[in-house]
Amino acid sequence: MELFEVYPLYDVTPVSAKGCYVIDNLGQKYLDLYGGHGVISIGHSHKEYVSALSRQLGQMGFYSNSIKNPLQEALAHKLGKVSKCEDYNLFLCNSGAEANENALKMASFETGKSKIIAFEKAFHGRTSAAVAVTDNPKINAPLNSQHKVAFLPLNDEIAVERELSKNDVAAVIIEGIQGVGGLNEGSGDFFRSLEKLCKKYGAMLILDEIQSGYGRSGKFFSFQHHGIHPDIISMAKGMGNGFPVGGILISNSINASYGMLGTTFGGNHLACAAALSVLDIIEKEQLIDNVREVSRHFLKRIKEIQNIKSVKGKGLMMGISFDFPVSELRKALIFDEHIFTGGSSDPNLLRLLPPLSIGTDEIDRFVDALKRVLTRISNTKNSI
Ligand SMILES: Cc1ncc(COP(=O)(O)O)c(C=O)c1O
């Protein structure tokens, strides 16, 4: 049997990883400024995380959601405290798409409506409703396209109110900071208007913090930069540092009923051990403070590079925009400088999602490497 090939692959085979570094099968070490799509929060193979997971696996890896699991309660309490979202309740699942699928379903149950407002260039995952609210027709099959969705421009309050006033909208879903779409974000005023308009027209506000959450923006959730209180918050990536775990925080004004949501694997013992360990380490190592400090250093150093159009994002969710496609640049960074970076649907944008534990030395190494690669690329172009 061969693999069903859906991913274009770089020719690198990582076999181990530690902190901000990944090592391939030939022993080459790479600086990881992409964290496997923003998943690695506390750093690769963190010692305490490895022992917490090993301990839990030796004790009990899994049992079903029909019995008591005190680890889920411990996780809810800890997450409420660390995220400062104590007035929400937690539902656990396994991935980002699944978190959004449940968030959208919750909103529809709660309002009795079915239309969703999403935004241009949004990415919310690949399951049925999550992909339907993703602004990319190429990854929507006819089955997914049956959902009622209005895609509106970011920061266009008038368009949002026009759509909401039709009174058939269950939810507005928005990324704290767009990831796949290229680091665009709503303004603080826009987020605050969304909150007000959703209340006025009885729709739920869903904040997709799957990529921008868990400290990545320099606050636990990126909406916390804007002082709003969403109805539902979805999260995944950084939550388990690579162990598949996701969840939604549901405002405690929304009532649960048995059977409304459910999952076999969601919130299993291993997933909870991973998520608890991540929160312990974020707290103990003050990683959110580190995000802010390293981000300030990055913003200072990146100014040394002249042919950058703009720098987008917040904290350690950063986009560097050029006036040319970055595919060649990314290849040179991997194969010549041994640095992993990411792309997005904007071909001219280099996306950085390093582990939250990264230091300023690694940023210095990246900026120096970027200068060398840009010089080499421009010399090659000039000599043609
Ligand atoms: C903002 C956002 N939402 C949802 C998802 C989907 O998450 P998953 O791939 O875990 O299903 C992603 C993944 O990149 C994302 O960036």
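On a predicted model such as this, the values are computed, not experimentally measured, just so you know.

**Quick look at the overall build of the chain**
Per the secondary structure count, the chain includes 11 helices and 14 strands. Whereas a compact globule of 384 residues would reach a radius of gyration of roughly 21 Å, the chain reaches 21 Å, a difference of no more than 12%. Once the C-alpha set of the chain is aligned to its principal axes, its extents read approximately 65 × 55 × 45 Å. Considering only intrachain contacts with a sequence separation of at least 6, the fraction spanning at least 24 residues in the chain is 74%. With an accessible surface of roughly 18000 Å², the chain has 53% of that area assigned to carbon and sulfur atoms. Charged side chains of the chain number 41 positive and 41 negative; the gap between the two group centres comes to 2 Å.

**Considerations on the domain arrangement of the chain**
Bring the parts together and some accessible area is lost; that lost area is often taken as the interface size. For the chain, the domain assignment lists domain 1 (14-43 + 286-383) and domain 2 (47-284). Taken over C-alpha atoms, the centre of domain 1 sits 27 Å from the centre of domain 2. With 28 residues of domain 1 in contact, the opposing surface of domain 2 contributes 31 residues. Around 2400 Å² of area is buried between domain 1 and domain 2 when both sides are counted, 57% of it from carbon and sulfur atoms.

**A closer look at the site of the ligand**
Taken together, the neighbourhood of the ligand is formed by S95, G96, A97, N100, F123, H124, G125, E175, D208, I210, Q211 and K237. Between an oxygen atom of the ligand and a main-chain N or O atom of A97, the distance comes to 2.8 Å. F123 is positioned with one of its backbone polar atoms (N or O) 3.5 Å from a nitrogen atom of the ligand. When the free accessible area of the ligand is taken as 390 Å², the share hidden by the protein chains comes to 79%. Per-element accounting of the shell around the ligand gives the leading share, 3 residues, to helix α4 (residues 96-111). The residue makeup of the shell around the ligand, split by class, is 3 nonpolar, 6 polar and 3 charged.

**Structural notes on the nonpolar core**
Within the largest apolar cluster, 81 residues are counted, with the highest numbers of intra-cluster contacts made by I320, F322, L329, F366 and L370. Element by element, the count of residues in this core is highest for helix α8 (residues 269-284), at 10 residues. Lining this core are residues from two domains, each supplying at least three of them: domain 1 (14-43 + 286-383) and domain 2 (47-284). Not counting residues within four places of it along the chain, the set of residues in contact with L329 comprises F322, F324, L350, L370, V373, L374 and I377. Judged by nonpolar contacts, the second largest core, of 24 residues, contains A99, M106, I173 and I210.

Rules behind the numbers
- Residues numbered from 1 in each chain as written.
- Predicted model: local features only at pLDDT ≥ 70, side-chain atom pairs only at ≥ 80, totals over all residues.
- Heavy atoms only, no water.
- Helix = DSSP H or I, 4+ residues; strand = E, 2+ residues; numbered from the N terminus.
- Rg over C-alpha atoms; globule rule 2.2 N^0.38 Å.
- Contact = heavy atoms within 4.5 Å.
- Areas by Shrake-Rupley, 256 points an atom, 1.4 Å probe, with all protein chains shown as cover.
- Lys, Arg positive; Asp, Glu negative; His and termini not counted.
- Charge placed at Lys NZ, Arg CZ, Asp CG, Glu CD.
- Domains from an automatic or database assignment.
- Buried area = accessible area lost by both parts, 1.4 Å probe.
- Near = heavy atom within 4 Å.
- Polar contact = N/O pair within 3.5 Å; in protein donor to acceptor, adjacent residues only side chain to side chain.
- Nonpolar A, V, L, I, M, F, W, Y, C, P; charged D, E, K, R; others polar.
- Core = buried A, V, L, I, M, F, W, Y, C linked by side-chain atoms within 4.5 Å.
- Buried < 20%, exposed > 50% of the residue type's maximum accessible area, 1.4 Å probe, protein only.

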